[in-house]
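Structure assessment
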Amino acid sequence: MDPLSVGVRYLGCMRATVRDVARRAGVSPKTVSNVVNGTIGVSPKTRMRVEAALVELDYVPNLSARGLRNGRTGVIALALPDLTTPYSAEIAHHFVEVAAQRGLSIQIEETQGGAEREHQLLSRARAHLVDGLILNPVRLETSAVQPGVNLPPTVLIGEVYQPLADHVWMENIGAVRDMVDLLLRQGHRRIAALGVTEEESARLRQAGYRQALDAAGVPRLPELEIRTPGWTPGGGADAMRSFLAEHEPPDAVVCFTDTLAMAALHVLWAAGYSVPGDVSVTGYDDVPESQFTVPALTTVSFDKRLLTETVLQLLQDRIADTSRPNVSVILPHTIIERASTRTR
């Protein structure tokens, strides 16, 4: 039996099918599917008729019927370490938007940097409750993606590289090196790094910071590598405040995220320092809020829309062919100069 013609009993009534909607709108069932899934362009006039019929019949997509046809749910799980950050909010927005254009739904999860939720999501994917996973582990050692694991279609994003899965990321070392080079060209020498932790992102960005100083012959001072308990506004503010209580302010502060940079701006202002007059401050990620800080934040930027499109294409390719070779993609970055650093 054609799954599209199967009505589902719901609260004692037959749920409308694609064929019911097609008859009401005077179009083919395929056109209704195109409107619902957003996979192929439909003329505005036809779309309006179909959408009106969808509302009139209170149509709900039958995901179980879709599964009968292709063995898939149309759902992708996206797991990020911390959903409270501006970066995570922006990334999640792009994934939801791009996925919808591809006829997919996004299930958003938070891992808090641990493997437990990753293990649960891997199990859900192996049980075909989701078609694939997008994971953002913070440390290779604590990730559920390890040798010997039965890995469903998965793409890793972020700095943790695991050759067992497809991977999309930025060249963190080069990005921070470029940022420190900018500050060196502006005449800064006593440059601090805020955001030092044991997570892979922090280790790579710290390496870029050190490489730039070494290449310029600028001595590295251990006290200028400022450790934080995490990449939160509170953690960044506490670390910056403690540093200023024991040391003279640096010429500049390279912050490993925009969130940390916003915390540094606040603490420096509260302590009576001018940015960039006394201290230049830079961030990383170019979240939307970074252009509205006072002063606006110089930061590392990359195309987040390109990230989501690349990841979803790799995941769809993996779902279609689980045996293809793994792919690692490095996205380009740019330095956005704004008012938080001195002009040359």
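Refer to the structure presented above.
Rules and cut-offs
- Residues numbered from 1 in each chain as written.
- Predicted model: local features only at pLDDT ≥ 70, side-chain atom pairs only at ≥ 80, totals over all residues.
- Heavy atoms only, no water.
- Phe/Tyr/Trp six-rings, centres within 6.5 Å; stacked < 30°, edge-to-face > 60°.
- Helix = DSSP H or I, 4+ residues; strand = E, 2+ residues; numbered from the N terminus.
- Buried < 20%, exposed > 50% of the residue type's maximum accessible area, 1.4 Å probe, protein only.
- Lys NZ or Arg CZ within 6 Å of the ring centre and 35° of its normal.
- Contact = heavy atoms within 4.5 Å.
- Core = buried A, V, L, I, M, F, W, Y, C linked by side-chain atoms within 4.5 Å.
- Arc of directions from axis to C-beta.
- Axes fitted to C-alpha atoms, helices over the stretch in contact; angles between N-to-C directions.
- Parallel < 35°, antiparallel > 145°, perpendicular 65-115°, else oblique.
- Left-handed = near helix turned anticlockwise from the far one by under 90°.
- Nonpolar A, V, L, I, M, F, W, Y, C, P; charged D, E, K, R; others polar.
- Pairing = 2+ DSSP bridges.

Concerning the packing of aromatic side chains
- In total, this model carries two aromatic pairs according to the counting rule given.
- Both rings, one in Tyr87 and one in Phe302, keep their centres 6.4 Å apart while their planes meet at 50 degrees; by these two values the pair is tilted. Of the two residues, Tyr87 is situated in helix 5 (residues 86-101) and Phe302 in the loop between strand 12 (298-301) and helix 11 (304-320); the sequence distance between them amounts to 215 residues.
- Its relative accessible area of 9% is what places Phe302 among the buried residues.
- Here Arg205 stacks its cationic end above the ring of Tyr284, 3.7 Å away from the centre of that ring.
- Residue placement shows Lys304 over the ring face of Phe302; its charged tip is 4.9 Å from the ring centre.

A look at the environment of Leu78
- One can find Leu78 in strand 3 (residues 75-80).
- A C-alpha to C-alpha distance of 9.5 Å links Leu78 and Val96, two positions 18 residues apart in sequence.
- In contact with Leu78, other than residues within four places in its own chain, are Ala92, Phe95, Ile106, Gln107, Ile108, Glu109 and Ile134.

A word on the nonpolar core
- Residues Ile134, Val180, Ile191, Leu194, Met240 and Val281 are the most contacted members of the largest nonpolar core, which totals 66 residues.
- With sequence-adjacent residues up to four places away left out, Val281 is seen in contact with Val253, Cys255, Ala261, Ala264, Leu265, Leu268, Val275, Leu297, Thr298, Ser340 and Thr341.

Brief notes about helix 1 (residues 18-25)
- Those residues of helix 1 lying buried are Val18, Val21, Ala22 and Ala25. Angularly, the buried residues of helix 1 cover 100 degrees about the axis, an arc narrow enough to put them on a single face.

Observations regarding the packing of helix 5 against helix 11
- It is at 9 Å that the axes of helix 5 and helix 11 come closest, and there the two elements cross at 50 degrees. Relative to helix 11, helix 5 is oriented oblique. Seen from above, helix 5 lies across helix 11 with right-handed handedness. Contacts from Tyr87, Glu90, Ile91, His94, Phe95, Glu97, Val98, Ala99 and Gln101 in helix 5 reach Lys304, Arg305, Leu307, Thr308, Glu309, Val311 and Leu312 in helix 11.
- Partitioning the contact of helix 5 with helix 11 into residue classes produces eight nonpolar, three polar and five charged.

Comments concerning the environment of Asp58
- Mapped onto the secondary structure, Asp58 falls in the loop between helix 3 (44-56) and helix 4 (63-70).
- Among the residues examined, Asp58 registers a relative accessible area of 59% and is labelled exposed.

Observations regarding the sheet that holds strand 13 (residues 328-331)
- The strand order 4-3-5-6-7-13 describes an open sheet built from six strands, whose pairing is parallel. In this open sheet, the two strands that pair with only one neighbour each are strand 4 (105-110) and strand 13. Sheet twist, expressed as the mean angle between neighbouring strand axes with direction ignored, is 20 degrees.
- Where strand 6 (residues 154-157) meets strand 7 (residues 166-170), three bridges bridge the pair, whose relative direction is parallel. By the bridge assignment for strand 7, Val155 is matched with Asp166.

A word on the sheet that holds strand 10 (residues 252-255)
- Read across the open sheet, the six strands follow the order 9-8-10-11-12-14; overall the sheet is mixed. Unpaired on one side and paired on the other, strand 9 (225-227) and strand 14 (334-336) mark the two borders of the sheet. For this sheet, the mean angle separating the axes of adjacent strands, direction not counted, is 20 degrees.
- Taken together, the three bridges between strand 11 (residues 280-284) and strand 12 define a ladder with parallel strand orientation. Bridged to Gly283 within strand 12 is Thr299.
- Its contacts with the sheet put helix 7 (residues 172-185) on strand 8 (191-196), strand 10, strand 11, strand 12 and strand 14, and the angle it makes with strand 11 is roughly 165 degrees.
- In the packing of helix 10 (residues 258-270) onto the sheet, contacts are made with strand 8, strand 10, strand 11 and strand 12, and the angle to strand 11 comes to roughly 155 degrees.

Observations concerning the packing of helix 9 (residues 233-246) against helix 10
- Their axes nearest at 8 Å, the elements helix 9 and helix 10 cross at an angle of 45 degrees. Our classification of the angle between helix 9 and helix 10 gives oblique. Like other packed secondary-structure pairs, helix 9 and helix 10 cross with a definite hand, here right-handed. Across from Pro233, Gly236, Ala237, Met240, Arg241 and Leu244 in helix 9, the residues of helix 10 making contact are Thr259, Leu260, Ala263, Ala264, Val267 and Leu268.
- Class assignment for the residues of the contact of helix 9 with helix 10 results in nine nonpolar, two polar and one charged.

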